[in-house]
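# A look at the structure
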Amino acid sequence: MWHELALINGAIVRKASSWACGVAFQCDCRQFIVEVWVVDGEGFPDWEALIVPAHDLPTEPLRWADTPGWTDAVGHEPFPASWTFGDTITTELAPKRTASQPTHGWRKWIHTGTFGLVAPGPSSEELRQATLEATISSPLRGRFKFGVVGKGGVGKTSIAAGVGSIFAELRRADRVVAIDADTAFGHLSARIDPHAVGSYWDLAAGRHLDSFADIRTSLGCNAAGLFVLAGEAADAGRRRRVLDPFIYREAAIQLDRHFTLVIVDCGSSLDSAVTREALRDLDALIVVGAPRVDGASLAVQKLEWLAGNGMERLLERTIIVLNHSDGHADRDTRAMWREELLRHDRPVIEMPFDPHLRTGGVIDVSGPIVSDTRQRYIEIAAAIAGYFADTIG
């Protein structure tokens, strides 16, 4: 259905049940009126067909008396014949900001080009995006901790850093930290802040850690506001310390005092002592798989492990991410493994291949990554945030 909007000498007017908008302006001493048509749906008007020839236009400025039967935007009767819009400006006819404005495409073009007088409203995709971001920003009571597990090489650390960055970006009032709990030379800090210098042992010692400022010196941070506790890096100058459950627990207790959201980048094996310790107090879990035999089947094994080890509640709050990390799987292969994973009655979100992530380095969710990658990070974060409601009693 077409909606016809008309703006005569700057005032929005209507006739019958339809709206029309004509914009009058001077060009080369000739008056033109361009009618702007807005359509419900995703189509785009034929602009050239809507231009009214100059010779068909009146030579005198339009007045309300020249438009019999028309009323203004608020339903008033026509003004006197001598009245023109320039005689007075009222707040009723002033442009008003709307709660939801289009952010891209032809809807934004119309909204901007008419100085907000014509507001087509957001598209269905924009409304969906707003819903996802509102879910991520939904109320949370206390602290919420979720883990990320997956076979080495499937991109679980990239998922942890990307999703954590989205939470930090969209929940500015909360502190968000990612913890590297992968004992096999985890590199979470390389994806968030390569200059992070603190360690588990600094926090576990518990000396002079009375405020967040004291904790902050042991953490890195990226542009989105995501903090990171780095794992133990290889150092040619000294022997590498191995993280154990006790050190993990003591450091986690310190972080729990100051952070609302905690992301734990776990090791590849759920049977490891540190991963078992981390799983004890997780509120949700992300299982990362790849669209190939070893990547997808191992993701299924992790779901079965949770079910067989008394973690049914955590399994109910588990989502699966099928990460196309290497770009080798074709569409049919990805669809096959997606269908296989969906049989386990858990949400499945597919991550596209992104060459920017393939090269390593810091992940900037507002930077050069593919737009679909950021969108999937948002969808994963929204799926996790869907469990926040359980914290509101």
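Residues numbered from 1 in each chain as written. Predicted model: local features only at pLDDT ≥ 70, side-chain atom pairs only at ≥ 80, totals over all residues. Heavy atoms only, no water.

## A word on the packing of aromatic side chains
Evaluated as defined, the whole model comprises seven aromatic pairs. Arranged with centres 6.2 Å apart and planes meeting at 40 degrees, the rings of Tyr 200 and Tyr 248 form a pair that is tilted. Pair noted here: Tyr 200 is in helix α5 (residues 200-205) and Tyr 248 is in helix α7 (residues 245-256), with a separation of 48 residues, a long-range link. For the pair Tyr 200 and Tyr 248, one class covers both residues: buried. Consider the rings of Phe 212 and Phe 259, whose centres lie 5.7 Å apart with planes at 70 degrees: the pair is edge-to-face. On the criterion of sequence distance, the pair formed by Phe 212 in helix α6 (residues 212-216) and Phe 259 in the loop between α7 and β13 (261-266) is long-range, its members being 47 residues apart. Each member of the pair, Phe 212 as well as Phe 259, is classed as buried. (Phe/Tyr/Trp six-rings, centres within 6.5 Å; stacked < 30°, edge-to-face > 60°. Helix = DSSP H or I, 4+ residues; strand = E, 2+ residues; numbered from the N terminus. Buried < 20%, exposed > 50% of the residue type's maximum accessible area, 1.4 Å probe, protein only.)

## Some words on empty space enclosed by the protein
Here the structure, examined in full by the defined rule, presents two cavities of 30 Å³ or more. Size it by volume and the second largest cavity reaches roughly 50 Å³. As for the second largest cavity, its lining consists of Asp 180, Asp 182, Thr 183, Tyr 200, Trp 201, Gly 231, Glu 232, Arg 240, Arg 241 and Leu 243. When grouped by side-chain class, the residues that make up the lining of the second largest cavity number three nonpolar, two polar and five charged. (1 Å grid on protein atoms, 1.4 Å probe; cavity = no way out; pocket = protein on both sides within 12 Å on 5 of 7 lines; lining within 4 Å. Points joined across faces, edges and corners; volume = space filled by probe spheres on them. Nonpolar A, V, L, I, M, F, W, Y, C, P; charged D, E, K, R; others polar.)

## Structural notes on the sheet that holds strand β14 (residues 284-289)
Within the open sheet, the eight strands sit side by side as β11-β12-β10-β13-β9-β14-β15-β16. Their pairing is mixed. On the outer flanks of this sheet lie β11 (220-221) and β16 (348-351), each paired with one strand and no other. Strand direction decides the pairing type here: strand β9 (residues 144-150) and β14, joined by five bridges, are parallel. Paired with Gly 147 across the strands is Leu 285, a residue of β14. Lying over the sheet, α7 contacts β9, β10 (176-181), β12 (226-229) and β13, oriented at roughly 175 degrees with respect to β10. Along the sheet, helix α13 (residues 371-385) makes contact with β9, β14, β15 (318-323) and β16, crossing β16 at roughly 160 degrees. (Pairing = 2+ DSSP bridges. Contact = heavy atoms within 4.5 Å. Axes fitted to C-alpha atoms, helices over the stretch in contact; angles between N-to-C directions.)

## Some details on the pattern of salt bridges
Going through the model one piece at a time under the given rule, you end up with 15 salt bridges. The salt bridge partner of Arg 374 is Glu 169, with a shortest N-O separation of 2.5 Å. Of this pair, Arg 374 sits in helix α13 while Glu 169 sits in helix α3 (residues 156-170), and the two are 205 residues apart along the sequence. We classify Glu 169 as buried; its relative accessible area is 16%. (Salt bridge = Lys/Arg side-chain N within 4 Å of Asp/Glu carboxyl O.)

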